[in-house]
Amino acid sequence: MKAPSNDGRASASVTQADPEGVVDARVSPLGSLENLSQREVQQLLNSGQGGVYDLFRRCALAVLSSGLESDDIRAIFDRYKDFEITLGRQAWGIKLQVKNAPASAFVDGSMIRGIKEHLFSVLRDIVYIHDAILGSGRFDLNDPVSITNAVYHILRNARILDYKGRPDLVVCWGGHSIGSVEYDYTKRVGYELGLRALSVCTGCGPGAMKGPMKGATIGHSKQRIREGRYIGMTEPGIIAAEPPNPIVNQLVIMPDIEKRLEAFVRCAHAIVVFPGGAGTAEEILYLLGILLDPANAEQPLPVIFTGPPSAAEYFGQIDRFIGATLGDAARARYKIVIGDPPQAAREVFKGIEQVREYRRAKSDAYNFNWLLKIPEDFQRPFEPTHEAMARLELRRDLPPHVMAANLRRAFSGIVAGNVKEQGIQAIEARGPFELHGDKEVMTLLDDLLSAFVRQKRMKLAGEYKPCYRLVA
């Protein structure tokens, strides 16, 4: 079904009976692009028609595909291969013309408001990163201090840093491919966080990224909190496999996974980790690698691993893997709470009070943790090619922070091979990535990854074919 449009509305309604349908529409902006100067309009038009267009088109399609039960990005792109999106001028700014857009993004012929906001957030961030970060010459993205400044400017431009209240932001990590029991548990934890007037930030996708936000909306409603923050942080390589869920009311697109991870930890006042797969393991290793740096020894950052009773074995295995590869110092930086959402929320709330006192004593900002040291190895983008994956050193005799950095890269490559288009293409062309290390580390890694596969944590649907091979 294809319906023409008129000023943001398709002229015919779209029904659930026709999920494969497409719609044409003209869309006026919502959010931070509602009012633009003529110079800003021209900059957007110039950028929108240039080399950044393909990236914008793909991210826009990902946003419009929100709600589709698939993390197969090529299937999504193939299904909507005729999708087009162009920028046009109107008296007060810009408008978007979409053709052959997924019908699921519309209701009774009008684009869903939340999806519309997300669409213009994508445009805002893609253009800003292209012009002000990569193209301005102001930021040396090989310099750690400059990288942090770039992350700050992207977040500020997206108005993520506008909030000036007490520390309240809980970053929640976890898998997009989880079962109903674990998903329900994430909602219950989110509910308890919401009752305590805490805001939620996630990777913005489905599963453990959606559940805490959904629960928090109920908790906020009970406490009559009408301005709850549900922040989603993503990046172009992952957005198609994990499109923003509809609860996200502040979306920001970071340039790459490393800057996305830095944004998470610099904005966080606490971090809650739910069960997940390779992506969650990558986030855990990134965080612990940073916290193991002696410069961060005094940084209070509550980290809670939590899940239902059925997840006890999962977190036990994660805990053993961390202990065997990074040592007890890493294990001391988190607590495990099983089957008790109120207790998980209490631990978070208590830890956030410590964060507040520390930031006040050190005169550091509440909304962006400038004092946290992030080693260069954790900031430098890692391109998961076959050669780069094979060069990673995974040996027990490495210093813990080096081991954490290399393990983080290994899991990042596995995520790329699972759900990122470039990684999938590389695997198809040259076979699985090879990871090399000593026998003990490879055995630990094999046990952990095999458990992820058995528990169906690698993909939403279909049989999983490993994109990696472990070589001792």
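Residues numbered from 1 in each chain as written. Predicted model: local features only at pLDDT ≥ 70, side-chain atom pairs only at ≥ 80, totals over all residues. Heavy atoms only, no water.

Colleague: So what's going on with the overall build of the protein chain? Which residues, and what values?
Modeller: Counting secondary structure elements, the protein chain contains 17 helices and 17 strands. In the protein chain, which comprises 472 residues, the proportion classed as buried is 58%. The long-range fraction of contacts in the protein chain, counting pairs at least 24 apart against all pairs at least 6 apart in sequence, stands at 75%. Accessible surface for the protein chain amounts to roughly 19100 Å². Of this, 49% is attributable to carbon and sulfur atoms. (Helix = DSSP H or I, 4+ residues; strand = E, 2+ residues; numbered from the N terminus. Buried < 20%, exposed > 50% of the residue type's maximum accessible area, 1.4 Å probe, protein only. Contact = heavy atoms within 4.5 Å. Areas by Shrake-Rupley, 256 points an atom, 1.4 Å probe, with all protein chains shown as cover.)

Colleague: Mind laying out the packing of aromatic side chains, listing which residues take part and the relevant values?
Modeller: If you walk through the whole model with that rule in mind, you get ten aromatic pairs. Here the aromatic rings of Tyr286 and Phe378 are separated by 5.7 Å at their centres, their planes lie at 80 degrees, and the arrangement is edge-to-face. Of this pair, Tyr286 sits in helix α9 (residues 278–291) while Phe378 sits in helix α13 (residues 376–379); the two residues are 92 residues apart in sequence, bridging distant segments of the chain. For the pair Tyr286 and Phe378, one class covers both residues: buried. Ring geometry for Tyr314 versus Phe315: centroids 5.0 Å apart, planes at 80 degrees, classification edge-to-face. Like Tyr314, the residue Phe315 is buried in the burial classification. One aromatic cluster in this structure is built from Phe305, Tyr314, Phe315, Tyr334 and Phe452. Positioned over the ring face of Tyr314 is Arg457, at 4.5 Å from the centre of the ring. (Phe/Tyr/Trp six-rings, centres within 6.5 Å; stacked < 30°, edge-to-face > 60°. Lys NZ or Arg CZ within 6 Å of the ring centre and 35° of its normal.)

Colleague: Can you break down the pattern of salt bridges residue by residue, with the values?
Modeller: Per the stated rule, a full pass over the model turns up 29 salt bridges. Asp256 is the partner of Lys259 in a salt bridge, and the nearest nitrogen-oxygen pair spans 2.9 Å. A single burial state applies to Lys259 and to Asp256, both of which are buried. Linking Glu262 and Arg266 is a salt bridge whose minimum nitrogen-to-oxygen distance equals 2.8 Å. Pair noted here: Glu262 and Arg266 are both in helix α8 (residues 257–267), with a separation of four residues, about one helical turn. For Arg266, a relative accessible area of 3% puts it in the buried group. What emerges from the salt-bridge pattern is a single network uniting Glu376, Asp377, Arg380 and Arg409. (Salt bridge = Lys/Arg side-chain N within 4 Å of Asp/Glu carboxyl O.)

Colleague: Can you explain the sheet that holds strand β10 (residues 199–202)? Please cite residues and give values.
Modeller: Here we have seven strands laid out as an open sheet, ordered β12-β11-β10-β9-β13-β14-β15, and parallel in their pairing. Each edge of the open sheet is held by one strand with a lone partner, namely β12 (250–253) and β15 (335–338). Each neighbouring strand pair of the sheet contributes to a mean axis angle of 25 degrees, computed without reference to strand direction. Sheet analysis places strand β9 (residues 169–173) next to strand β13 (residues 270–273), joined by four bridges and oriented parallel. Opposite Val170, over in β13, you have Ala270 as the bridge partner. Relative to strand β14 (residues 303–307), helix α6 (residues 180–195) is tilted by about 135 degrees, and along the sheet it contacts β9, β10, β14 and β15. Most of the contacts of helix α10 (residues 312–326) go to β14, to which it runs at about 145 degrees, and overall it touches β13, β14 and β15. (Pairing = 2+ DSSP bridges. Axes fitted to C-alpha atoms, helices over the stretch in contact; angles between N-to-C directions.)

Colleague: Give a description of the packing of helix α15 (residues 400–419) against helix α16 (residues 421–430) that names residues and reports values.
Modeller: To describe two helices that pack against each other, one gives the angle between their axes and the distance between the axes. Two numbers describe how α15 lies on α16: the axes approach to 6 Å, and their chain directions differ by 85 degrees. Considering their axes alone, α15 and α16 lie roughly perpendicular with respect to each other. On the side of α15, the interface is formed by Ala416, Gly417, Asn418 and Val419, while α16 contributes Glu421, Gly423, Ile424 and Ile427. Class assignment for the residues of the contact of α15 with α16 results in four nonpolar, three polar and one charged. (Parallel < 35°, antiparallel > 145°, perpendicular 65-115°, else oblique. Nonpolar A, V, L, I, M, F, W, Y, C, P; charged D, E, K, R; others polar.)

Colleague: Which residues make up helix α7 (residues 211–222), and what values go with them?
Modeller: Over its twelve residues, α7 runs 17 Å from end to end, which matches the ideal 16 Å to within 8%, given 1.5 Å per residue. Among all positions in α7, only Gly211, Pro212, Met213, Gly215, Ala216, Gly219 and His220 are buried. Of the surrounding elements, those touching the buried residues of α7 are β9, α6, β10 and β11 (230–234). Backbone geometry just downstream of α7 places Arg224 in the positive-phi region, at approximately 60 degrees. (Expected span 1.5 Å × (residues − 1).)

Colleague: Describe the environment of Glu242, and please don't skip the residues or the numbers.
Modeller: Structurally, Glu242 can be placed in the loop between β11 and β12. Taking the C-alpha atoms as reference points, Glu242 and Val63, 179 residues apart in sequence, are found 9.2 Å from one another. With residues near it in sequence (within four places) discarded, Glu242 still touches His176, Cys204, Gly205, Pro206, Met209 and Arg260.

Colleague: Can you explain the environment of Pro212? Please cite residues and give values.
Modeller: Note on placement: Pro212 falls in helix α7. In this structure, the C-alpha to C-alpha distance between Pro212 and Tyr191, residues 21 residues apart in sequence, is 7.1 Å. When sequence neighbours within four positions are dropped, the list of residues in contact with Pro212 reads Cys172, Thr186, Lys187, Gly190, Val200 and Phe274.

Colleague: Which residues make up the nonpolar core, and what values go with them?
Modeller: Counting residues in hydrophobic clusters, the biggest one holds 84 residues, and the most contacted among them are Leu155, Met233, Phe411 and Ile414. In this structure Ile414 touches Ala278, Met389, Leu435, Leu449, Met458, Tyr464, Cys467 and Tyr468, once residues within four positions along its chain are discounted. Core analysis: the next-biggest nonpolar cluster, separate from the first, contains 62 residues, Cys59, Phe83, Phe120 and Val127 among them. (Core = buried A, V, L, I, M, F, W, Y, C linked by side-chain atoms within 4.5 Å.)

Colleague: I'd like to hear about the side chain of Asn367, residue by residue, with values.
Modeller: When you line up the elements, Asn367 lands in the loop between α12 (341–362) and α13. A distance of 2.8 Å separates a polar side-chain atom of Asn367 from the backbone oxygen of Leu161. The contact partners of Asn367, leaving out residues within four places of it in the chain, are Leu161, Tyr163, Lys164, Arg266 and Cys267. (Polar contact = N/O pair within 3.5 Å; in protein donor to acceptor, adjacent residues only side chain to side chain.)

Colleague: Give a detailed account of the pairing of β13, specifying residues and quantitative values.
Modeller: Residues of β13 alternate between two faces, with Ala270 and Val272 on one and Ile271 and Val273 on the opposite face, all of them buried. Sheet analysis places β13 next to β14, joined by three bridges and oriented parallel. From the neighbouring strand, Val272 faces β14, where its bridge partner is Ile304. Between the parallel pair β13 and β14, the chain is carried across by α9, and the sense of this crossover is right-handed. (Right-handed = clockwise from strand over helix to strand, strands pointing away.)

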